[in-house]
Amino acid sequence: MYAFTYKKASSIVDAADKLLADGEAKLLAGGMTLIPTLKQRLAQPTELIDLNGIAELTGVTVSGKIVTIGAMTRHVDVARNPDVNKLIPALAKLASHIGDPAVRNRGTIGGSISNNDPSADYPSAVLALDATVRTNRREIKADDFFVGMFETALEPGELVVAVSFPVPVKAGYKKFPNPASRYAVVGVFVAKTNRGVRVAVTGAGPVVFRQMEMEAALFGNWSPEAVANIKQAEDGLNSDMHASAEYRAHLVMVMAKRAVAEAG
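Quick look at the structure, then. All residue numbers refer to position in the chain's written sequence, counted from 1. Predicted model: local features are reported for residues with pLDDT of at least 70 only, side-chain atom pairs are reported and counted for 80 or more only, and whole-chain, interface and lining totals are derived from all residues. Hydrogen atoms and water are omitted, and side-chain values are computed over all heavy atoms in the structure.

A closer look at the overall build of the protein chain
Secondary structure is summarised from DSSP: a helix means a run of H or I of at least four residues, a strand means a run of E of at least two, and numbering begins at the N terminus for each. A count of helices and strands for the protein chain gives 11 helices and 14 strands. Along the first, second and third principal axes, the C-alpha atoms of the protein chain reach 55 × 45 × 30 Å. The 264 residues of the protein chain split such that 53% are buried. A contact between two residues is defined here by any heavy atoms of the two lying within 4.5 Å. When contacts within the protein chain are restricted to residue pairs at least 6 apart in sequence, long-range pairs at least 24 apart make up 59% of them. Burial here depends on accessible area, computed with a 1.4 Å probe over protein chains only, as a share of the maximum for the residue type. Under 20% is buried, over 50% is exposed, and the range in between is partly exposed.

Things to note about helix 10 (residues 212-220)
Inspection of helix 10 places Met 214, Glu 215 and Leu 218 among the buried residues, and these make up the whole buried set. Relative to the axis of helix 10, the buried residues are bounded by an arc of 105° and lie together on one face. Of the exposed residues in helix 10, those oriented more than 90 degrees away from the buried face are Met 212, Ala 216, Phe 219 and Gly 220. Turning to helix 10, the residues buried within the fold contact strand 13 (196-202), strand 14 (209-210) and helix 11 (245-263). Contacts described as polar in this section are N or O atom pairs within 3.5 Å, which, within protein, must combine one atom able to donate a hydrogen with one able to accept it, while residues neighboring in sequence count only if both atoms come from side chains. Of the residues that open helix 10, the one with a side-chain oxygen 3.1 Å from the backbone nitrogen of Glu 213 is Gln 211. The directions considered for the arc run from the helix axis to the C-beta atoms.

Description of the pattern of salt bridges
By definition, a salt bridge exists where a carboxyl oxygen of Asp or Glu is found within 4 Å of a side-chain nitrogen of Lys or Arg. Applying the stated rule across the entire model yields 15 salt bridges. One salt bridge connects Asp 14 with Lys 18, and the closest N-O pair in it is separated by 2.7 Å. Within this pair, Asp 14 and its partner Lys 18 are both found in helix 1 (residues 12-21), separated by 4 residues, close to a single helical turn. Asp 130 is paired through a salt bridge with Lys 141; the nearest N and O atoms lie 3.9 Å apart. Pair noted here: Asp 130 is in the loop between helix 8 (122-128) and strand 6 (132-135) and Lys 141 is in strand 7 (residues 139-141), with a separation of 11 residues, a long-range link. Judged by relative accessible area, which is 14%, Asp 130 ranks as buried. Take Lys 141: its relative accessible area is 37%, and that puts it in the partly exposed class. Salt bridges sharing common partners tie together Asp 130, Lys 141, Asp 143, Arg 195, Arg 198, Arg 210 and Glu 215.

Examining the sheet that holds strand 10 (residues 160-166)
Sheet architecture is open: 5 strands sit in the order 4-5-10-6-7, paired in antiparallel fashion. Of all the strands in the sheet, just strand 4 (60-63) and strand 7 have a single pairing partner and so form its edges. Across this sheet, the average inter-strand angle for adjacent strands is 25°, counted without regard to direction. DSSP bridges decide pairing: two strands pair if at least two such bridges lie between them. Orientation is described by axes fitted as lines to C-alpha atoms, over the contacting stretch for helices, and by angles from 0 to 180 degrees between their N-to-C directions.

Here's the deal with the sheet that holds strand 2 (residues 26-28)
The pairing of strands in a sheet happens through backbone hydrogen bonds and is either parallel or antiparallel. Strands sit in the order 1-3-2 across an open sheet of 3 strands; the sheet is parallel. At either end of the open sheet lies a strand with only one pairing partner, and these are strand 1 (5-8) and strand 2. The average undirected angle you get between the axes of adjacent strands in this sheet is 30°. With 4 bridges joining them, strand 1 and strand 3 (residues 47-50) adopt parallel strand pairing. Each residue of the ladder has a partner; that of Tyr 6, found in strand 3, is Leu 48. Sheet strands in contact with helix 1 are strand 1, strand 2 and strand 3, and its direction is about 170° off that of strand 3.

As for the nonpolar core
The biggest cluster of nonpolar side chains holds 40 residues, and the ones touching the most others in it are Ile 69, Leu 91, Ile 113, Tyr 122, Val 126, Phe 165 and Phe 189. If near-sequence neighbours (up to four positions away) are discounted, Tyr 122 is found in contact with His 75, Val 78, Leu 91, Leu 94, Ala 95, Ile 98, Ile 109, Ser 112 and Ile 113. To form a nonpolar core, buried Ala, Val, Leu, Ile, Met, Phe, Trp, Tyr and Cys residues must be joined to one another through side-chain atoms within 4.5 Å.

A short note on helix 11
With 19 residues, helix 11 should reach 27 Å at 1.5 Å per residue; the first-to-last C-alpha distance of 27 Å fits that figure. Those residues of helix 11 lying buried are Ala 245, Arg 248, Ala 249, Leu 251, Val 252, Met 253, Val 254, Met 255, Ala 256, Ala 259, Val 260 and Ala 263. Tucked into the core, helix 11 has its buried residues touching strand 11 (170-177), strand 12 (184-193), strand 13 and helix 10. An expected span of 1.5 Å times one less than the residue number is assigned to each helix.

Quick look at unusual backbone geometry
At Arg 41, a position not held by glycine, the phi torsion is positive, near 60°. By the secondary structure assignment, Arg 41 is in the loop between helix 2 (34-39) and strand 3.

Purely geometric numbers; function is a separate question.
The following block contains the structure:
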């Protein structure tokens, strides 16, 4: 681990100011990705700005048909929250299967989507549920937030404050997990809303993406059979020691069928 300066932010404004003052600084949320990266000397920030003391970044609130989750809310708290379980049970279940108990008790939703690991679970929920990412400066629609592998639309000095999820009519998430890390080899989140259907795929490619052919099929016929014959293109998909692009393409269809079945 390289040497760095540790600073604890007292507020959202304080965190943003500290981040903007040093272009090589990094924000510390749960640290489930950042700390191992530092230990392996794969990153060399000059400063770590700790967000864990900012109370306004935690908690779940409901306003009408919108569930808003603070950026520093732990996975375990999302999984156990009664409002999330009642209104978006698929999101609660997704949170309950992230990593292992240690990860779920430290990892945060804001840290997960800001890191934008191509195999992370939360980005698929944000995209499929057409969520809005709230930062200290603006609101960013899900379709605009995830830009590329480990890359988001966040600008210098900008940090995620909360994520607002519209309550869907139905939703479901299924993933084929890596047996060691529990990251998604392929995960598919499906959501039916009053505005239409959205299907988001994580783990299969370098960034979470929408499967629009499946969206169109499910809009006309919400059933597992509607996506059973839709083949995901292999071009551009990940291929590694865990699964080939061909296998991941097949898993997209399989996980989509299971997600729709779970949604009911």
